[in-house]
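Fold and geometry: a report
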Amino acid sequence: MMSEKMTTYNLYTTDGCHLCEQAIGLFYYAKQQQLIANDVALKMIDIVEDDKLVERYGVSIPVLQHPISKQELNWPFDLDGLVGFINNDNQS
């Protein structure tokens, strides 16, 4: 049964971005190790499909964004930074 309180973070990315692949790996590693809640998901948003997103994130991807608060975690981040960002954001 899917949780009513699922929080889906946006990950601004694009094809062939090795840093984005590292960020995705960190996210799923954190979930596997139960460092972040099971009701947290990731939605990949390819910036190349939107000129405004390319302008905003073109040189800074990957960027993780909370869909409601719009707080962002910019690369470079490590496992601790990712876990802290998600867990602190989900306290509310």
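Here, every reference points to the structure presented above.
A few words now on the overall build of the chain. Each helix and strand in the chain was counted, giving three helices and four strands. For the chain, the sequential pattern of α-helices and β-strands runs β-α-β-α-β-β-α. Here the C-alpha atoms of the chain give a radius of gyration of 13 Å, agreeing with the 12 Å that 2.2 N^0.38 yields for 92 residues. Here the C-alpha coordinates of the chain stretch approximately 35 × 25 × 25 Å along the principal axes. In the chain, which comprises 92 residues, the proportion classed as buried is 37%. Total accessible area on the chain stands at roughly 5,900 Å², and carbon and sulfur atoms take up 50% of it. The positive charge centre, built from 6 side chains, and the negative charge centre, built from 13, are 8 Å apart in the chain.

Here we come to the pairing of strand β2 (residues 40-46). Sheet topology places strand β1 (residues 7-13) next to β2; seven bridges connect them, and they run parallel. Considered in β2, the bridge of Leu11 is made with Met44. The handedness of the β1 to β2 crossover, carried by helix α1 (residues 18-32), is right-handed.

Right, let's talk about the state of the cysteines for a bit. What the rule picks out here adds up to one disulfide. At a sulfur-sulfur separation of 2.3 Å, the disulfide partner of Cys17 is Cys20. On the sign convention where negative means left-handed, the S-S torsion of about 75 degrees between Cys17 and Cys20 marks this disulfide as right-handed.

If a probe the size of a water molecule is rolled over the atoms, the empty space left behind becomes visible. In total, this model carries one cavity of 30 Å³ or more according to the counting rule given. Taken as a whole, the largest cavity encloses approximately 30 Å³ of empty space. Leu11, Ala23, Phe27, Leu42, Leu64, Phe77 and Leu82 together form the lining of the largest cavity. Looking at the lining of the largest cavity, its residues break down into seven nonpolar, no polar and no charged.

Put simply, side chains in a regular strand alternate between the two faces of the sheet. Counting buried positions along β1 gives six out of seven residues, so the element sits mostly inside the fold. Pairing between β1 and strand β3 (residues 63-65): three bridges, direction antiparallel. When the sheet's bridge partners are listed, Tyr12 is paired in β3 with Val63.

So, about the nonpolar core. Of all hydrophobic cores here, the largest spans 17 residues; its most connected members are Tyr9, Phe27, Leu64, Phe77, Leu82 and Ile86. Going through the elements one at a time, β1, α1, β2 and α3 (79-89) are the ones with two or more residues in this core. Once you skip the residues sitting within four places of it in the chain, Leu82 turns out to touch Leu26, Phe27, Ala30, Leu64, Leu73 and Phe77. Core analysis: the second largest hydrophobic core is formed by nine residues, Cys17, Cys20, Leu53 and Ile61 among them.

The rules behind these values
- Residues numbered from 1 in each chain as written.
- Predicted model: local features only at pLDDT ≥ 70, side-chain atom pairs only at ≥ 80, totals over all residues.
- Heavy atoms only, no water.
- Helix = DSSP H or I, 4+ residues; strand = E, 2+ residues; numbered from the N terminus.
- Rg over C-alpha atoms; globule rule 2.2 N^0.38 Å.
- Buried < 20%, exposed > 50% of the residue type's maximum accessible area, 1.4 Å probe, protein only.
- Areas by Shrake-Rupley, 256 points an atom, 1.4 Å probe, with all protein chains shown as cover.
- Lys, Arg positive; Asp, Glu negative; His and termini not counted.
- Charge placed at Lys NZ, Arg CZ, Asp CG, Glu CD.
- Pairing = 2+ DSSP bridges.
- Right-handed = clockwise from strand over helix to strand, strands pointing away.
- Disulfide = S-S within 2.5 Å.
- 1 Å grid on protein atoms, 1.4 Å probe; cavity = no way out; pocket = protein on both sides within 12 Å on 5 of 7 lines; lining within 4 Å.
- Points joined across faces, edges and corners; volume = space filled by probe spheres on them.
- Nonpolar A, V, L, I, M, F, W, Y, C, P; charged D, E, K, R; others polar.
- Core = buried A, V, L, I, M, F, W, Y, C linked by side-chain atoms within 4.5 Å.
- Contact = heavy atoms within 4.5 Å.

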